[in-house]
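# Descriptive structure summary
Read off the chains here:
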Amino acid sequence: MLPPADDPPDLGVPPNRGPLPVRRNPNSNPHAHSSQLRDLRPQGIRGGRGHRGGGRRGSFCSMRRSLACVVVISAFFIVVMMVMQYKIGKSEQGSSLQEFAGMMLQFGQARSFERLGEREGLDHLRSDIRIGVRKPTLALILGNMKHSPPLLMLFTVIKNLQGLGYLFKIYAVDDDNSRSIWEQIGGQVSILSPEIYSRIDWTVFEGIIVDSVEAKESISSLMQEPFCSIPLIWIISEDTLAKRLPFYEKMGWEHLVSYWRSAFSRADVVVFPDFSLPMLYSVLDTGNFFVIPASPMEVWAAKSYAKTHSKYQLRGDLGLNRDDMLVLVVGSSFFYSELSWDYAVAMNEIGPVLIKYARRKDAGPMFRFVFLCGNSTDGYNGHLKEVASHLKLLPGSVRHYGMNSDVNGLMLMADIVIYASSQGEQGFPPLLTRAMSFGIPVIAPDLPDIRKHVVDGVHVVTFPKKNSNALMRAFSLLISNGKLSKFAEAVAFSGKQLAKNMLASECVNSYAKLLKNVLSFPSDVLLPGHFSQSQIDDWEWKSFRAADMPHIESGSASMKISSVVHVLEENLSNQLGSENISNGETDNDVLTQLDWDDLREIERIEEIERLEMEEIEDRMERDPGIWDELHRNVRKAERAHFEANERDEGELERTGQPLCIYEIYNGVGAWPFLHHGSMYRGLSLTTSGRRLTSDDVDAVDRLPFLNDTYYRDILCDIGGMFSIASRVDKIHRRPWIGFQSWHAAGRKVSLSSSAEKVLEETIQGRTKGDVLYFWAQLDVDDGHTQENHIPTFWSMCDILNGGNCRTAFEDAFRHMYGLPSYKEALPPMPEDGGYWSALHSWVMPTPSFLEFIMFSRMFADSLDALHMNSSQSMNLSLATNSSQPTVCLLGSSKLEKKHCYCRVLELLVNVWAYHSARTMVYINPYTGELEEQHPVEERRGFMWAKYFNNTMLKSMDEDLAEAADDDGHGDRRRWLWPLTGEVLWQGIYEKEREERYRLKMDKKRKAKEKLVERQKKGYKQKAIGRR
């Protein structure tokens, strides 16, 4: 219910936007230099000169009045409004918005366009030849599943993106009544919990879309390696956090602001549904804010309100007659704190309408003009009455209500809505959309954003701005005999139909463009359809029943109070000893300099006392304690420092075990996917990401070149294998060795307990022959390939490597063995439909592993040399200088190019095992069932055994070692092979033997010289006790 007009409340901040993110300046100077104003603008906002009320020359008089009357009345309006502006501004102690008088606030979206324009996008990929076998997969995380306008918008977008070829996996923070409609899009909806967050392998998705601030915990899980490089789009429709940010700054809670800023910075793009929200969140802006101005919020609010309220009932509550003509005057929603120049100009423009219709004393219906604007003062309504009295308007013909009142009720009661602002908003004004949704005829200036979406005389009636006569004519078209004309009813009906689905098509197309610029599409992914193929006209109203549309308070963008914001606020504030956090005022207890001096003095005294106690304890005799207790303390210290003791508890548990599987991981985010037990041991590719409470192997410590991010990225998991093979006897003394990527657990293909038992029993009973057991199979089919077109090994390799796997493998193989160009260099692989190993998840005898690593080191070096040469050629053509390859032919996306060699090296074990006559056995990771693949008997005539002969590989390895020892590749800027492991050949052994012999002879020579010296001078012992 609306408050009485004679006693209006202070205009509060509109619930859906909050206060502008600018500080108040009690000493504001209206004549401040423009540079000072520029410094006061919040981040992400730019100012453009608007039109001051004083510059208007609109006529307030009808054609019967003279030009002199026009000038006098216009000047009167300007003077009155300046007086009102002065009074209100003085009563409010000088709001900062006075400094922006006559300015137009805008969100600078141009920089977001520029940043997104630097992305790869789809344009160049569509022109390339690619073999896609699966749809691009996106994860959608819903922070709130209650029926709401943001959810309707998101559902419409996701459903149409699915039509473009995207595949969605849907997660939700909590369960609610919209679960069934989401299951129509993405199948089963997974409800998230803190335990589930850490068990999801986010790397299987091309991108992640997060909706609502409530899904903040999912953002936290994506801020750790290896998930921090996944493209992330965060859609924020709430203003709950924005309202708390000024309070955090006031209280000096910079840690909370920094906490949220880091979360916002993780997102590649933070999307808002209107242009006011990014300005409210400007404190957290790191350059990734983006606005897609389309939402059914206003239509939803009008529909839900009209179901429970009656127009004439509301009028009766305010003492208005049923036949009164109620004209609602609205303006720019960016002016809150006082009667702005925008409304001064509005009074100037509608002056002729007021004089003509608000002075009428006939027996017809009374015209009442209601001004709706934000944040007034107690005397604001009185100032309007003062204006009405000077103009001799009828009592009660002019009223004022604030944006914190029942805006929906005012619009439902209104007969005509006038948008009287000349300040152009970014996007279509939301108040006009809501008025049209109520079926109210609208009069608006012909601003560009309004002309873009409506047709004059059909959906609204427009008039040229700064033209009072045109406004008078437009108003007259809607009035006939004191009532709405037939034309007004037609405009209202057409406007309501248009507003119902306004901007729906633009919204979907904008999100399609955004995904095109943000996502990276791997080589095996089918490209989505072009956004022009998405032709929609409606929001998905049919999926949301009218009974499921809860009522939204006027202007509210949030369906509930955000629990995450307040929970984090309480938790983080308690760390600093903050208590009794309220939604408003708190005790302003700030430490003074005297308090800090006292604290430092107390700390100094405590430090002196501590040192004195330590000195006293050192001088006192102490009982060393019981031997068992000392031993227990020593063991406890050793367990706390695994790196200092090689044979720790984990090593002791593995004593006597025939097999150890090293789980390769990179980053803290992969910890939950690792196994515990005597069969497994972690292998961290980074020192910072290693588990401190486990005996995991530090790959960087064993191979320092992996500390270089470039090498670690291009080699991936096989770099960790190189570190294990280097000085393997110091870390692995078991007959069998295995590896497993952390991705295997994330993709549910790691060994189960039964499969582990079968594998262990099998290797213990096998004493002869080399065999490779693997359980993660190569599969790029994903259900899109026909049964009679099963991809071969090399075709799958091409799919995963930008179509260039065969070419790269053949060139590297030819370079590695020095084969002539006319000789075939691509090892043949069978097309028998068998399984191939993937994800580096396999087990083999330790000697076979060392042989495989010897082959892999040379192949990786050859592959790197070819890419280095091609990059140097390109750098020469571009006149650039770089010691690292700048091109990667084995990938199409940015992420694939970053991990250039990884996918080829992942499949390398299959080529080596097949052509070296190793038995290949697939073990079902769930049941443990064993099945031999590509039997050795069937390979005869196909294997290139001579190239994989151990004797030949050893000879090649020694040649490379000799070259490295002699610096034979000094002409190359960098040589990968010596960095990947040990450099050993016969000459090194001879050098070491000579060095040991030299040290031995030096020792003998020094001993002999010492003996001669002693014999020459003799040896005399000094007398004991002689003075």
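The sections below set out a description of the structure shown in this document. Bear in mind the structure is a predicted one, so any value in this text is a computation, not a measurement. Here the residue index of a chain counts from 1 through its sequence in written order. With the structure being a predicted model, the display of local features is reserved for residues of pLDDT at least 70 and the display and counting of side-chain atom pairs for 80 or more, all residues being used for whole-chain, interface and lining totals. To get the side-chain values, take all heavy atoms of the structure and skip hydrogens and water.

Here we take up the overall build of the chain. By definition, any uninterrupted DSSP run of H or I lasting at least four residues is a helix, any uninterrupted run of E lasting at least two residues is a strand, and each is numbered from the N terminus. Each helix and strand counted, the chain has 38 helices and 25 strands in total. Residue burial in the chain is summarised as follows: out of 1027 residues, 53% are buried. Throughout, a residue-residue contact means that at least one pair of heavy atoms, one from each residue, lies within 4.5 Å. Residue pairs at least 24 apart in sequence account for 77% of intrachain contacts in the chain once pairs closer than 6 positions are excluded. Under the convention used here, a 1.4 Å probe and the Shrake-Rupley method define accessible areas, while residue burial counts only the protein chains that appear. Counting only carbon and sulfur atoms, one obtains 52% of the accessible surface of the chain, whose full area is about 48,600 Å². Here the term buried applies to any residue with accessible area under 20% of the maximum for its type, exposed to any over 50%, and partly exposed to those in between, with areas from a 1.4 Å probe on protein chains only.

On to a nonpolar patch on the surface. Patch criteria: residues need more than 30% relative accessible area and no salt bridge. Like-charged residues are merged within 9 Å; nonpolar side chains of Val, Leu, Ile, Met, Phe, Trp and Tyr are merged within 5 Å. Salt bridge, as used here, is a side-chain nitrogen of Lys or Arg placed within 4 Å of a carboxyl oxygen of Asp or Glu. On the surface, a nonpolar cluster with roughly 310 Å² of combined accessible area is contributed by M613, I616 and M620. Structurally, I616 is set in helix α24 (residues 593-619). The exposure class of I616 is partly exposed, given its relative accessible area of 45%.

On to the packing of helix α32 (residues 793-800) against helix α33 (residues 805-817), then. In the contact formed by α32 and α33, the axes pass within 7 Å of each other and the chain directions differ by 105°. When the axis of α32 is compared with that of α33, the two are roughly perpendicular. Here W794, S795, C797 and D798 of α32 come into contact with α33, specifically with C805, R806 and F809. Gly counts as polar in this scheme, as do all residues outside two lists: the nonpolar Ala, Val, Leu, Ile, Met, Phe, Trp, Tyr, Cys and Pro, and the charged Asp, Glu, Lys and Arg. Taken together, the residues of the contact of α32 with α33 break down into 4 nonpolar, 1 polar and 2 charged. Between the N-to-C directions of two axes lies an angle of 0 to 180 degrees, each axis being a line fitted to C-alpha atoms and, for a helix, fitted only over the stretch in contact. For classification purposes, angles smaller than 35 degrees are called roughly parallel, those larger than 145 roughly antiparallel, those between 65 and 115 roughly perpendicular, and all remaining angles oblique.

Take the packing of aromatic side chains next. In this analysis, rings of Phe, Tyr and Trp, with Trp reduced to its six-membered ring, are considered paired at centre separations within 6.5 Å, and the interplanar angle assigns stacked below 30 degrees, edge-to-face beyond 60, and tilted for intermediate values. Taken as a whole and assessed by the stated rule, the structure comprises 44 aromatic pairs. When the centroid spacing of 6.4 Å and the interplanar angle of 90° are considered together, the rings of Y171 and F205 count as edge-to-face. Within this pair, whereas Y171 is found in strand β4 (residues 167-172), its partner F205 is found in the loop between α7 (194-197) and β6 (207-211), the two being separated by 34 residues in sequence. Assessed through its relative accessible area of 8%, Y171 is described here as buried. Between W300 and W541, the ring centres sit 6.5 Å apart and the planes meet at 35°, which makes this aromatic pair tilted. Linking W300 in helix α12 (residues 297-308) with W541 in the loop between α22 (504-518) and α23 (563-574), this pair joins segments that are 241 residues apart in sequence.

Taken together, the 4 bridges between strand β24 (residues 919-923) and strand β25 (residues 930-933) define a ladder with antiparallel strand orientation. Within β25, the residue paired with I923 across the bridge is L930. Paired strands, in this sense, are two strands between which DSSP finds at least two bridges. Between β24 and β25, which pair antiparallel in sequence order, lie 6 residues; one of them, G928, sits at a positive phi of approximately 85°.

With that settled, consider the sheet that holds strand β23 (residues 842-845). Strand order in the open sheet formed by 8 strands is β20-β19-β18-β21-β23-β22-β24-β25, and the pairing between neighbours is mixed. On the outer flanks of this sheet lie β20 (697-698) and β25, each paired with one strand and no other. Packed onto the sheet, helix α31 (residues 753-765) meets β18 (659-665), β19 (680-684), β21 (736-741), β22 (771-774), β23, β24 and β25 and runs at close to 175° relative to β22.

This part is about the pattern of salt bridges. For the structure on display, the rule yields 27 salt bridges. The partner of R134 in a salt bridge is E206, and the shortest N-O contact between them spans 3.0 Å. Residue R134 is located in the loop between α4 (123-126) and β3 (137-142), and its partner E206 is located in the loop between α7 and β6; the two are separated by 72 residues in the primary sequence. Of the two residues, R134 and E206, neither departs from the other in class, the shared state being buried. Across the salt bridge formed by E540 and K542, the nearest N and O atoms sit 2.9 Å from each other. The network of salt bridges with shared partners includes R134, E206 and D524.

A word on the sheet that holds strand β7 (residues 232-235). Ordered by their spatial adjacency, 7 strands build an open sheet running β5-β4-β3-β6-β7-β8-β9, and the pairing between neighbours is parallel. Two strands close off the open sheet at either side, each with one partner strand: β5 (190-191) and β9 (289-291). Summarising the sheet, β6 and β7 pair through 4 bridges and their orientation is parallel. Bridge pairing links I209 to I233 in β7. Across the sheet, helix α5 (residues 149-163) touches β3, β4, β6 and β7, and the angle it forms with β3 is around 170°. Where helix α6 (residues 179-186) meets the sheet, it contacts β3, β4 and β5, and its direction lies at approximately 150° from that of β4.

Next up on the list: α33. Here, expected helix span is obtained from the residue count minus one, scaled by 1.5 Å. With 13 residues, α33 extends 18 Å between its outermost C-alpha atoms, agreeing within 8% with the 18 Å of an ideal straight helix rising 1.5 Å per residue. Listing the buried residues of α33 in full gives C805, A808, F809, A812, F813, R814, M816 and Y817. Note on α33: the residue one or two positions beyond its end, G818, has a positive phi of about 65°.

The next subject is the side chain of S741. Considering the arrangement of structural elements, one finds S741 in strand β21. In terms of polar contacts, S741 uses its side chain to reach the side chain of D717, at 3.3 Å. When neighbours within four sequence positions are excluded, S741 is seen to be in contact with I664, D717, L839, H840 and S841. The term polar contact refers here to a pair of N or O atoms within 3.5 Å; inside protein, the definition further demands a hydrogen-donor-capable atom paired with an acceptor-capable atom, and it admits residues adjacent in sequence only when both atoms are side-chain atoms.

With that out of the way, let us pick up the environment of C228. Looking at the element boundaries, C228 is found in the loop between α8 (216-221) and β7. Spatially, the C-alpha atom of C228 lies 9.2 Å from that of G669, the residues being 441 residues apart in sequence. Filtering out sequence-adjacent residues up to four positions away, C228 remains in contact with L222, M223 and R266.

To continue, consider the environment of F475. On the secondary structure map, F475 appears in helix α20 (residues 468-477). We classify F475 as buried; its relative accessible area is 0%. F475 sits 122 residues away from V353 along the chain, and the two C-alpha atoms are 7.9 Å apart. Among residues more than four places away in sequence, those in contact with F475 are V327, V353, Y357, F367, I416, I418 and I443.

Here we take up the state of the cysteines. The term disulfide is used for any two cysteine sulfur atoms that are within 2.5 Å. What the rule picks out here adds up to 3 disulfides. Bridging C797 to C805, the disulfide has an S-S length of 1.8 Å. Handedness here is read from the sign of the S-S torsion; for C797 and C805, about 70°, the answer is right-handed. Accessibility expressed as a relative area gives 2% for C797, which makes it buried. C888 shares a disulfide with C900; S-S distance 2.0 Å. Residues C888 and C900 are joined by a disulfide whose S-S torsion is about 95°; by sign, that bridge is right-handed. Remark: C900 occurs in the loop between α35 (894-898) and α36 (902-915) and C888 occurs in the loop between α34 (846-877) and α35; sequence separation between them is 12 residues. There is no split in this pair, since C888 and C900 are both buried. Here the cysteine-cysteine linkages of the chain are recorded as 1-6, 2-3, 4-5, numbering only bonded cysteines and doing so in sequence order.

On to the packing of α12 against helix α18 (residues 430-437), then. Close contact between α12 and α18 brings their axes to 8 Å; oriented N to C, the two are set at 35°. When the axes of α12 and α18 are compared, the crossing they make is right-handed. Of the residues in α18, those touching α12 at E298, V299, A301 and A302 are P430, T433, R434 and S437. Broken down by class, the residue content of the contact of α12 with α18 amounts to 4 nonpolar, 2 polar and 2 charged. Take the far helix as your reference; a near helix turned counterclockwise from it by less than a right angle gives a left-handed crossing, and one turned clockwise gives a right-handed crossing.

With omega at 5°, the peptide bond leading from E225 into P226 counts as cis. Position of P226 among the secondary structure elements: in the loop between α8 and β7. At R727, a residue that is not glycine, the phi angle is positive and equals roughly 55°. With respect to the secondary-structure elements, R727 resides in the loop between α29 (717-725) and β21. We classify R727 as partly exposed; its relative accessible area is 33%.

Where a protein is soluble and globular, its nonpolar side chains tend to be buried together. Here, nonpolar core refers to any group of buried Ala, Val, Leu, Ile, Met, Phe, Trp, Tyr and Cys residues whose side-chain atoms link them within 4.5 Å. In this structure, F739, W842 and F849 are the most contacted members of the largest nonpolar core, which totals 85 residues. Dropping the residues within four chain positions of it, W842 is found in contact with M721, I737, G738, F739, L772, Y773, F774, W775, S837, F849, F852 and V909. Listed in part, the 84 residues of the second largest apolar core include L164, Y401, L432 and I440.

A contiguous patch of negative charge on the surface is contributed by E603, E606, E609, E612, E615, E617 and D618. If you trace the backbone, E612 turns up in helix α24. Asp and Glu are treated as the negative residues and Lys and Arg as the positive ones, with His and the ends of the chain left uncounted. For the purpose of locating charges, the reference atoms are NZ of Lys, CZ of Arg, CG of Asp and CD of Glu.

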